[in-house]
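Residue-level listing of the chains:
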Amino acid sequence: MALLFRFSQLRNSIWSSCPARLRMQHTGLSPGTLLDPKSYEKRLFSTRVQETASLHRTDLGPCISGIQPLKFQQTSEHEQSAPLLIFDIETTGFFQKTTGNFQKGNRITEFAVRDLCGGKNSTFETLINPERDVPGYLKKVNNINTDLVCKPDVPRFSDVLPLLLAFVQSRQTPGKPVIWVAHKANTFDAPFLAQEFNRCSAQMPEDWLFVDSHCLARKLPMLEPSEDKKHLLNLESLSKRYGISAEGSAHRAMKDVTTLCHVFQKMSFDLKLTYEGLINEATKASYFSKLLK
DNA sequence: GAATCACCGTCAGACACTAT
DNA sequence: ATAGTGTCTGACGGTGATTC
């Protein structure tokens, strides 16, 4: 156990010390085939792209009312122009590796993402048809059931994929990585995303980097010496810590994304997180693709 | 030198937490 | 309902100080 623990620590150390800046490679879908983001709303599907209050491109803070823009400390080597995408998914259950049998295992039922840079078309959210039943107990968790997502006007992930890639491409700065942030990204959201890409015979672009806000939360200083840290790492506890009031439907993807946007910038401030520091915390997309093999 | 004790670090197992 | 990770606790061994 301890050996495994040390291996885990060593592995994390290696990952976090590896500067991950890679050139964009094949996504499995050529840019020419990607749909124009402007055409999203013409589709029958319930996929939506929305505008939030615009912010200057060099401000990596969110563009949510009542929140001050967050600025990372500048370094000489990095310019602050990589998109920072806060995302969340709802699924039919927990992540289970389903090598070679894509009919089994859990699927994504909702996807939401918000670009912290804000501006026009800075959010993307959609229900996703999981092509399987949604367990009844999840109705209580996120109010998503089989009747809501298993119908013809809800797109499958393979339908959403080109839209998602187009959305990211529309937010991306050429030559810069795309930084995805989610709570428990390393063990839940990113592996799920990699699995769905895999099902579509596609690969996540190699310049996609994933940052787990749960890992960042572990580094936060305790407010009280007697505080039990393990009870303060979920998104709800973090939002309470920072006095953030939840808006929207309970435990739905975009609501959690909005909450995480607030929490993330507060955490970044507390941790004095630099852009370079964030890059060092990130895990490359290819890592999650390899997990499936 | 031998025996005893306290302290510290390591280890294994159990449990809790987290995501949906 | 799953799986990975962190924390806690008790057991154990090593080391140094103290006492006889």
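As shown above, the structure is provided for reference.
Cut-offs used in this document
- Residues numbered from 1 in each chain as written.
- Chains lettered and ligands numbered in written order.
- Predicted model: local features only at pLDDT ≥ 70, side-chain atom pairs only at ≥ 80, totals over all residues.
- Heavy atoms only, no water.
- Helix = DSSP H or I, 4+ residues; strand = E, 2+ residues; numbered from the N terminus.
- Buried < 20%, exposed > 50% of the residue type's maximum accessible area, 1.4 Å probe, protein only.
- Contact = heavy atoms within 4.5 Å.
- Phe/Tyr/Trp six-rings, centres within 6.5 Å; stacked < 30°, edge-to-face > 60°.
- 1 Å grid on protein atoms, 1.4 Å probe; cavity = no way out; pocket = protein on both sides within 12 Å on 5 of 7 lines; lining within 4 Å.
- Points joined across faces, edges and corners; volume = space filled by probe spheres on them.
- Nonpolar A, V, L, I, M, F, W, Y, C, P; charged D, E, K, R; others polar.

Trainee: Describe the environment of Gly93, naming the residues involved and giving the relevant values.
Mentor: With respect to the helices and strands, Gly93 occurs in the loop between strand S2 (84-91) and strand S3 (108-115). The class of Gly93 is buried, set by a relative accessible area of 11%. Here the alpha-carbon distance between Gly93 and Ala185, two residues 92 residues apart in the chain, equals 15 Å. Once residues lying within four places of it in the same chain are set aside, the contact partners of Gly93 are Asn106, Leu138, Phe188 and Phe192.

Trainee: Could you give me a rundown of the packing of aromatic side chains, with the residues and numbers involved?
Mentor: What describes a pair of aromatic rings is the distance from one ring centre to the other and the angle between the planes of the rings. For the coordinates displayed, the defined rule picks out 14 aromatic pairs. Taking 6.3 Å as the distance between ring centres and 70 degrees as the angle between the ring planes, the aromatic pair formed by Phe111 and Phe124 counts as edge-to-face. Here Phe111, found in strand S3, pairs with Phe124, found in strand S4 (residues 123-127); they are 13 residues apart in sequence, far enough to count as distant. On the accessibility criterion, Phe111 (1% relative accessible area) is buried. Within the aromatic cluster, the residues linked to one another by ring pairs are Phe87, Phe111, Phe124, Phe157, Phe167, Trp180, Phe197, Trp208, Phe210, Tyr287 and Phe288.

Trainee: Explain the layout of surface pockets residue by residue, including any values.
Mentor: Of the voids in this model, the largest pocket is the one considered here, and its volume is about 840 Å³. Lining the largest pocket are 32 residues, with Asp88, Glu90, Leu235, His251 and Asp256 sitting closest to its centre. Elements represented by at least two residues in the lining of the largest pocket include exactly S2, helix H2 (138-142), helix H5 (185-199), helix H7 (235-241) and helix H8 (253-270). For the lining of the largest pocket, a count of residues per class yields 14 nonpolar, 10 polar and eight charged.

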